[in-house]
Amino acid sequence: MDLPPKTALLPIDMQQAFDHAPWPRRWNRDLDRNGQALLAAWRGAGLPLIHVRHDSVQAGSSLQPGLPGHAYRPGFAPRPDEVVIAKSVNAAFIGTDLDLRLRRLGIEAIMAFGISTDMCVSTSVRIGANLGYRMIVVGDACDCFDLTGPAGQTIPAEAIHAAHLATLAYEFATLCTTEEAIAALTSSTG
């Protein structure tokens, strides 16, 4: 995979709320390890990094500012010089200045990862692609939840993750693993 020289990393909703009720079961035990490896590589290369955080405005949400679940997962807190985009919906581009910030940086591509594959990651990636960015999704650094299907059946998170990666790859994004992303970063920054 070739990495355009103007690529930004977008960690999406790496927050503690998703480890507790009312959120259903998640499946990717490598989420934190892979996401932290991406952050370390990106920071080491000195490339643009914009954190996306969900600031819920819904009553009772565990993602409301000031609640413990709103905090970043260990190892994902932004550094003082890193940009944070606060969103209140499931798309990083809606109601934020993310597109403006990326355009001012001359960004051509966005590498995204986070929680959850089928909601905030997928929605942000689809909008980013429609805005003209080359979107890259690091699949093994994403995670999602079991969901209840229309007949009341449980649809396993693994199946939801696979289906969403497939639809993103079909029209909206390039997929890669953490290892492939770091190798591409290393070869592009030499």
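Check the entry above for the structure.
Anyway, here's the lowdown on the structure attached to this text. (Residues numbered from 1 in each chain as written. Predicted model: local features only at pLDDT ≥ 70, side-chain atom pairs only at ≥ 80, totals over all residues. Heavy atoms only, no water.)

A short note on the overall build of the protein
Okay, step 1: Helix and strand content of the protein: 5 helices and 8 strands.
Okay, step 2: Of the regular secondary structure in the protein, the N- to C-terminal order runs β-α-β-β-α-β-α-β-β-β-α-β-α.
Okay, step 3: A compact globule built from 190 residues should have a C-alpha radius of gyration of about 16 Å, and the protein, at 16 Å, falls within 12% of that.
Okay, step 4: Principal-axis analysis of the C-alpha atoms gives the protein an extent of 50 × 35 × 30 Å.
Okay, step 5: Counting the 190 residues in the protein, one finds 46% classified as buried.
Okay, step 6: Across the protein, contacts joining residues at least 24 apart in sequence account for 79% of those joining residues at least 6 apart.
Okay, step 7: When the accessible surface of the protein is summed, it comes to about 8,900 Å², and 55% of that surface belongs to carbon and sulfur atoms.
Okay, step 8: Both charge centroids of the protein, one from 15 positive and one from 19 negative side chains, sit 4 Å from each other. (Helix = DSSP H or I, 4+ residues; strand = E, 2+ residues; numbered from the N terminus. Rg over C-alpha atoms; globule rule 2.2 N^0.38 Å. Buried < 20%, exposed > 50% of the residue type's maximum accessible area, 1.4 Å probe, protein only. Contact = heavy atoms within 4.5 Å. Areas by Shrake-Rupley, 256 points an atom, 1.4 Å probe, with all protein chains shown as cover. Lys, Arg positive; Asp, Glu negative; His and termini not counted. Charge placed at Lys NZ, Arg CZ, Asp CG, Glu CD.)

Examining the packing of helix α1 (residues 31–45) against helix α5 (residues 178–189)
Okay, step 1: Interhelical geometry of α1 versus α5 gives an angle of 5 degrees and a closest axis separation of 10 Å. In terms of orientation, α1 and α5 fall into the roughly parallel class. Contact with α1, carried on its side by Asn 34, Ala 37, Leu 38, Ala 41, Trp 42 and Ala 45, involves Thr 178, Ala 181, Ile 182, Leu 185 and Thr 189 of α5 and no other residues of that element. (Axes fitted to C-alpha atoms, helices over the stretch in contact; angles between N-to-C directions. Parallel < 35°, antiparallel > 145°, perpendicular 65-115°, else oblique.)

A look at the environment of Arg 126
Okay, step 1: Mapped onto the fold, Arg 126 is located in helix α3 (residues 117–130).
Okay, step 2: Separated by 93 residues in sequence, Arg 126 and Arg 33 have C-alpha atoms that sit 25 Å apart.
Okay, step 3: Sequence-distant contacts of Arg 126, that is, excluding residues within four places in its chain, are made with His 164, Thr 167, Leu 168 and Phe 172.

What about the environment of His 51?
Okay, step 1: Within the fold, His 51 resides in strand β2 (residues 50–54).
Okay, step 2: Residue His 51 is classed as buried on the basis of its relative accessible area, which comes to 2%.
Okay, step 3: Considered as a pair, His 51 and Val 125 are 74 residues apart in the sequence and their alpha carbons are 14 Å apart.
Okay, step 4: Once you skip the residues sitting within four places of it in the chain, His 51 turns out to touch Pro 11, Leu 39, Arg 43, Tyr 72, Phe 76, Pro 78, Glu 82, Val 83, Val 84 and Ile 85.

Comments concerning the side chain of Glu 82
Okay, step 1: Relative to the assigned elements, Glu 82 resides in the loop between β2 and β3 (83–87).
Okay, step 2: Overall, Glu 82 belongs to the buried group, its relative accessible area being 14%.
Okay, step 3: A polar side-chain atom of Glu 82 sits 2.9 Å from the main-chain amide nitrogen of Arg 79.
Okay, step 4: When residues no more than four places from it in sequence are discounted, the contact partners of Glu 82 are Arg 43, Leu 49 and His 51. (Polar contact = N/O pair within 3.5 Å; in protein donor to acceptor, adjacent residues only side chain to side chain.)

Focus: the pattern of salt bridges
Okay, step 1: What the rule picks out here adds up to 12 salt bridges.
Okay, step 2: Its salt-bridge partner being Arg 26, residue Asp 143 comes within 2.5 Å of it at the nearest N-O pair. Separated by 117 residues along the polypeptide, Asp 143 in strand β5 (residues 134–143) and Arg 26 in the loop between β1 (7–12) and α1 bring together distant segments of the chain.
Okay, step 3: Judged by relative accessible area, Asp 143 falls into the buried class, the value being 0%.
Okay, step 4: Notably, a salt bridge pairs Arg 101 with Asp 97, separated by 3.1 Å at the nearest N-O pair.
Okay, step 5: Under the relative-accessibility criterion, Arg 101 is labelled partly exposed at 33%.
Okay, step 6: Members of the salt-bridge network, linked through shared partners, are Asp 19, Arg 26, Asp 32, Arg 73 and Asp 143. (Salt bridge = Lys/Arg side-chain N within 4 Å of Asp/Glu carboxyl O.)

Things to note about the packing of aromatic side chains
Okay, step 1: Applying the stated criterion across every chain, the model contains 5 aromatic pairs.
Okay, step 2: Through successive ring pairs, a cluster of aromatic residues spans Phe 18, Trp 23 and Phe 145. (Phe/Tyr/Trp six-rings, centres within 6.5 Å; stacked < 30°, edge-to-face > 60°.)

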